[in-house]
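Examining the three-dimensional arrangement
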Amino acid sequence: MKIFRIIAFLTPLLMTSVQISESRAQEAKGDLLRGMKASNRGDYVSAYKEFRPLAERGLALAQYFLGNLYNGGRGVAQDQVEAMKWYRKSALQGFELAQFTLGAHYEKGIGAPQSYEEALGWYRKAANAEFGPAQTALGMMYLNGTGVSKDMSEGIKWIRKGAQNRHRDAQAVLGTLYWKGLGVEQDRREGVMWFRKAAMQGLPQAQYGLGIAYVNGFGVEASVVRAHMWLSLAAKQGMKSALDKREFIAASMNDTQVEESKKMARDIEIEIRARNKK
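Below, the structure is looked at part by part. (Residues numbered from 1 in each chain as written. Predicted model: local features only at pLDDT ≥ 70, side-chain atom pairs only at ≥ 80, totals over all residues. Heavy atoms only, no water.)

**Topic: the overall build of the protein**
Across its full length, the protein holds 15 helices and zero strands. For the protein, buried positions account for 47% of its 278 residues. With the model as given, the accessible surface of the protein reaches about 14,000 Å², and the carbon-plus-sulfur share is 49%. (Helix = DSSP H or I, 4+ residues; strand = E, 2+ residues; numbered from the N terminus. Buried < 20%, exposed > 50% of the residue type's maximum accessible area, 1.4 Å probe, protein only. Areas by Shrake-Rupley, 256 points an atom, 1.4 Å probe, with all protein chains shown as cover.)

Below is the structure:
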């Protein structure tokens, strides 16, 4: 997680995690920021030294970051059971990212026996707090019938919430549901709209979906230039099917069209980077 995305939340988290003075909260905030900066530059030993005492004092964000260090074996010996301990401490204080992470580990059986019941419970806590990734995860469990009876309506409800909260995976899933008419009335224009939102957050699967839409003129006006552009962006991220499709349509394009596509791709990449820095 990038520092600038959570700085605004640091002081409220510090003040509510434990009863400490405002001056001590500011000191702890400084310790957290030093730990985060150390982690970002790969100095996990220093990050551990900053996070550990704060986590032991009950600071939810520090507990979460300490869990990450144990989970990945960064700065300490890998211990996923220990990681789960710290994730749980953070999650019990209402930190949505820790709740989501705890749910994901229970779903996959990482650091604890697999438990769909626990996964659903923790996903739901974070989802009810409007945390997009948890809404997506909860929705997927209902769509797939994982640990619950399959329920398309409930699944789509949560996927839509995740999509509206700008989680790109949810946006791509919702786009696919509309594209194929699964659980909703088929509407390829609506599908393309959600693909575009996810594509503009850099999701290659959504970029591929847009490329295919432009190839066939489904939900959009057909355009080999735009198809080539979106497929190129997906291919640049290692998506072989996008590369193969791009090369296939490139054979029917002239040099001017290819150059136009390349320019559009560069412009879109700049826009994606700018959007995702916000």
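That shown, we press on.
**Here we look at the pattern of salt bridges**
Summed over the entire model, instances satisfying the criterion amount to twelve salt bridges. For Glu82, the salt bridge is made with Lys85, and the minimal N-O distance between the two is 3.0 Å. Of the two residues, Glu82 and Lys85 both sit in helix α5 (residues 80-91), three residues apart, roughly one turn of that helix. Residue classification places Glu82 among the buried positions, given a relative accessible area of 17%. Judged by relative accessible area, Lys85 falls into the partly exposed class, the value being 36%. Across the pair Glu259 and Lys262 runs a salt bridge, and its minimum N-O distance is 3.9 Å. In this pair, Glu259 and Lys262 are both assigned in helix α15 (residues 255-275), three residues apart and thus about one turn of the helix distant. Where salt bridges share partners, they join Asp31, Arg34 and Glu50 into one cluster. (Salt bridge = Lys/Arg side-chain N within 4 Å of Asp/Glu carboxyl O.)

**Some points on the packing of aromatic side chains**
According to the stated counting rule, one finds nine aromatic pairs in the structure shown. Considering the side-chain rings of Phe51 and Phe65, the 5.2 Å spacing of their centres and the 20 degrees angle between planes classify their relative orientation as stacked. Placement of Phe51 in helix α3 (residues 44-56) and of Phe65 in helix α4 (residues 60-72) is noted, with a sequence separation of 14 residues between them. For Phe51, a relative accessible area of 1% translates into the label buried. Following the ring pairs from residue to residue traces out a cluster consisting of Phe51, Tyr64, Phe65, Tyr87 and Phe95. Against the face of Trp158 rests Lys161, its NZ or CZ located 5.7 Å from the ring centre. (Phe/Tyr/Trp six-rings, centres within 6.5 Å; stacked < 30°, edge-to-face > 60°. Lys NZ or Arg CZ within 6 Å of the ring centre and 35° of its normal.)

**Some words on helix α12 (residues 204-216)**
Taking 1.5 Å per residue as the helical rise, α12 with its 13 residues ought to reach 18 Å, and the 19 Å between its terminal C-alpha atoms agrees with that figure. When α12 is considered as a whole, its buried residues turn out to be Pro204, Ala206, Gln207, Gly209, Leu210, Gly211, Ile212, Ala213 and Tyr214. Residues of α12 that are buried make contact with α10 (168-180), α11 (188-199), α13 (224-236), α14 (240-250) and α15. (Expected span 1.5 Å × (residues − 1). Contact = heavy atoms within 4.5 Å.)

**Comments concerning the environment of Arg34**
Mapping Arg34 onto the fold places it in helix α2 (residues 22-40). For Arg34, a relative accessible area of 43% gives the class partly exposed.

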